[in-house]
Amino acid sequence: QVQLVESGGGLVQPGGSLRLSCAASGSIFSISNMGWYRQAPGKQRELVAVITRGGTTNYADSAKGRFTISRDNAKNTAYLQIDSLKPEDTAVYYCNAFICRYGSDSYLPYWGQGTQVTVSS
């Protein structure tokens, strides 16, 4: 079994910063891409950023400049640093990872349960 667990969300004032973490655990042989998505109230889930195992990153246009994705392959963990937070960043942030389990020959997508980020004064 494989689990993704996000942490680091919370209530923050505009202009503040947060660092989200996503830890993968279980019967993991390898993880390829890891990504962060977010879903604001009444809106569809959208991609924020993705990072390959080798560290290549890609950001949504709305995330360029204030969001930084990184990962620690030894810890099976991805991070999302968010700076200069704005009220419009308020959303549930979800982690996604493509994981190959031991005994498998394919990578399957897994999702975390999400962590709430609220930006408000």
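Residues numbered from 1 in each chain as written. Predicted model: local features only at pLDDT ≥ 70, side-chain atom pairs only at ≥ 80, totals over all residues. Heavy atoms only, no water.

Undergrad: Looking at this model, I keep getting lost on the pairing of strand E9 (residues 91-101). Mind explaining?
TA: Looking down a regular strand, the side chains alternate between one sheet face and the other. Among the eleven residues of E9, eight are classified as buried, and the element is accordingly described as predominantly covered. Sheet analysis places strand E4 (residues 28-39) next to E9, joined by nine bridges and oriented antiparallel. From the neighbouring strand, Arg-38 faces E9, where its bridge partner is Tyr-93. Both E9 and strand E11 (residues 115-119) contribute to a ladder of three bridges, which runs antiparallel. Bridging across to E11, Ala-91 finds its partner in Val-117. Sheet topology places E9 next to strand E10 (residues 108-111); four bridges connect them, and they run antiparallel. (Buried < 20%, exposed > 50% of the residue type's maximum accessible area, 1.4 Å probe, protein only. Helix = DSSP H or I, 4+ residues; strand = E, 2+ residues; numbered from the N terminus. Pairing = 2+ DSSP bridges.)

Undergrad: Looking at this structure, how should I read the environment of Asn-73?
TA: Mapped onto the elements, Asn-73 comes out in the loop between strand E7 (67-72) and strand E8 (77-82). Accessibility expressed as a relative area gives 28% for Asn-73, which makes it partly exposed. Separated by 18 residues in sequence, Asn-73 and Gly-55 have C-alpha atoms that sit 9.6 Å apart.

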